[in-house]
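Working through the structure, step by step
Spelled out, the chains give:
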Amino acid sequence: MKMKHTLLAALSALTILTAAGCSDKEAPKDAQQDAQTGSAQQESTAAPAAAEDKAEEKFTLKYPQEMKDLGYTEDLVLDKVPERVAAISTYPVMTLYELGVDLVGVPSTKVIEYPADLDAEQFPNLMSEQFDLELVVSLEPDLVILPVGSRDTHEKTLKELGIPTYSISTSPQGDLPLYQVIKNQTKEMIDAFAVSEEQKAAGAKIMERFADAEKKVEEVRKNYEGKKVMVLMASDPTSQNLQGENGTLGSMMAMLGFENVYQPDPNGVQMGAHNSVPLDMESALEYHPDLIVFTGSGDKAAMEELVQKTIAQNEAYWNSIEAIRNKQYIALPSNYVSTAGTNIINNILDLIEILEAHYAN
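Notes on the structure follow. Note that the structure is a prediction, hence the values are computed from the model and not measured.

Taking strand neighbours across the sheet as the criterion, the 5 strands line up as β5-β4-β3-β6-β7 in an open arrangement whose pairing is parallel. The open sheet has two edge strands, β5 (121-123) and β7 (165-168), and neither has a second partner. Mean inter-strand twist for the sheet, computed between neighbouring axes without regard to direction, equals 15 degrees. On top of the sheet, helix α6 (residues 151-160) reaches β6 (143-147) and β7; it is set at about 175 degrees to β6, its chief contact.

Structure follows, in structure tokens:
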């Protein structure tokens with residue numbers, strides 16, 4: 001990659017110049033002794049203060065425990081707060097935007113609508129065939145935030161180019177649901193980037209939104225505790241995946257008190273990144289959910305249409321499930337398949353309203 005070689009050459013040249021600048025000529029011994037004698041007392045008191053000032057200038061972005069468990073045990077420490085940040089994931093974008101961080105590049109997305117005044121270059125998202133890391137490098141970022149799944153590819157390349165990176169998780173980790181993963185990494189970014197009083201106030205408001213959402217969840221949880229839910233990710237009328245309680249939507253339903261009908265066998269099949277497995281239609285007849293929630297890649301209208309086509313495709317089967325027969329099912333749009341960082345707060349609050357409207361009818 002031409003750009004890669006150019007940047008590496010520049011970095012090598014910078015190293016040589018730095019080394020040369022450190023090779024000052026030795027001062028006369030008498031002058032050295034005078035300087036040492038005259039400033040010894042000053043150094044003894046000034047050194048701690050200077051060290052303290054230098055430490056304050058450092059930018060430290062810590063990893064939450066779940067990322068440490070994945071091997072990210074060393075904090076990201078830079079000489080100063082990054083001034084040109086590129087995000088290869090949508091997850092940190094709104095947090096950094098609200099903190100007033102200078103975002104030079106963000107991925108295109110249909111999950112959320114970016115603010116009109118977000119002055120950042122948009123490049124194809126990571127899952128697109130058009131994604132090209134050179135587009136990110138060309139923005140000359142001093143920090144790139146990217147998903148942990150890119151550890152052996154893009155993260156490795158960026159580090160070879162001397163560009164600092166910080167990895168985040170975009171999926172559940174162990175028994176930790178996605179909501180908590182997002183909350184934890186949001187807190188770390190606020191602690192690192194919120195330098196001014198204005199930024200600290202903005203960070204506090206973000207964390208208050210998490211707290212307010214959790215309070216609302218606790219208020220309505222009693223309405224749904226004990227109800228069984230089946231969460232299905234549908235791509236076409238004949239293809240559905242069953243999602244467990246640690247998936248994006250599954251974790252939201254669990255927060256609201258619903259009991260997921262699918263509990264993965266720890267010794268059985270391994271669930272994928274979205275905590276889902278293909279639906280076993282025969283086994284599904286034994287689940288007896290009180291509610292079935294569908295989601296997929298379309299908007300709400302498209303998903304409602306897909307659900308109707310799914311039922312019509314195999315009407316005898318689906319109507320043998322009591323929840324379908326009694327119209328106890330809901331269709332949700334694509335932002336319940338993949339959220340975008342703090343947007344999960346809006347997802348949960350909207351879901352509460354959708355459930356309240358469903359049961360009211």
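And the narrative resumes.
One can find Asp175 in the loop between β7 and α7 (178-193). Through-space distance from the C-alpha of Asp175 to that of Glu245 is 9.4 Å; in sequence the pair is 70 residues apart.

Let us look at the pairing of β7. Of the two faces of β7, the one holding Thr165 and Ser167 and the one holding Tyr166 and Ile168 are both buried throughout. Where β6 lies against β7, 4 bridges are found, and the strand directions are parallel. Its bridge partner being in β7, Leu146 is matched across the sheet by Ser167. With α6 bridging β6 and the parallel β7, this β-α-β connection has right-handed handedness.

With that settled, consider the side chain of Gln240. Structurally, Gln240 is set in strand β9 (residues 239-243). Of the polar contacts made by the side chain of Gln240, one reaches the backbone oxygen of Asp236; its length is 3.5 Å. The residues contacting Gln240, other than those within four sequence positions of it, are Leu232, Met233, Ala234, Pro278, Leu279, Thr310 and Trp318.

Turning to unusual backbone geometry, a few remarks are in order. You will see that Glu140, though not glycine, has its phi angle at about 55 degrees, which is positive. On the secondary structure map, Glu140 appears in the loop between α5 (133-137) and β6. Taking relative accessible area as the criterion, Glu140 reaches 61% and is therefore assigned exposed. Located in the positive-phi region is His288, a residue other than glycine, with phi close to 50 degrees.

Right, let's get into helix α11 (residues 300-313). Under the 1.5 Å per step criterion, the end-to-end length of α11 is 20 Å for 14 residues, consistent within 8% with the ideal 20 Å. Within α11 the residues assigned to the buried category are Met303, Leu306, Val307, Thr310 and Ile311. Buried residues of α11, viewed axially, fall in a sector of 135 degrees; they line one side. Looking at α11, the residues exposed on the side facing more than 90 degrees away from the buried face are Ala301, Ala312 and Gln313.

Taken as a whole, this structure holds 10 aromatic pairs when the rule is applied. Pairing Tyr63 with Tyr166 gives two aromatic rings, centres 4.4 Å apart and planes at 15 degrees, and the pair type is stacked. With Tyr63 in the loop between β1 (59-61) and α3 (65-68) and Tyr166 in strand β7, this residue pair connects regions lying 103 residues apart in the sequence. What makes Tyr166 buried here is its relative accessible area of 0%. When the ring of Tyr179 is compared with that of Phe210, the centres are 5.7 Å apart and the planes differ by 70 degrees; the resulting orientation is edge-to-face. One end of the pair, Tyr179, is in helix α7; the other, Phe210, is in helix α8 (residues 197-224), with 31 residues separating them in the sequence. The exposure classification of Tyr179 matches that of Phe210, with both residues buried.

What counts and how
Residues numbered from 1 in each chain as written. Predicted model: local features only at pLDDT ≥ 70, side-chain atom pairs only at ≥ 80, totals over all residues. Heavy atoms only, no water. Pairing = 2+ DSSP bridges. Helix = DSSP H or I, 4+ residues; strand = E, 2+ residues; numbered from the N terminus. Axes fitted to C-alpha atoms, helices over the stretch in contact; angles between N-to-C directions. Contact = heavy atoms within 4.5 Å. Buried < 20%, exposed > 50% of the residue type's maximum accessible area, 1.4 Å probe, protein only. Right-handed = clockwise from strand over helix to strand, strands pointing away. Polar contact = N/O pair within 3.5 Å; in protein donor to acceptor, adjacent residues only side chain to side chain. Expected span 1.5 Å × (residues − 1). Arc of directions from axis to C-beta. Phe/Tyr/Trp six-rings, centres within 6.5 Å; stacked < 30°, edge-to-face > 60°.

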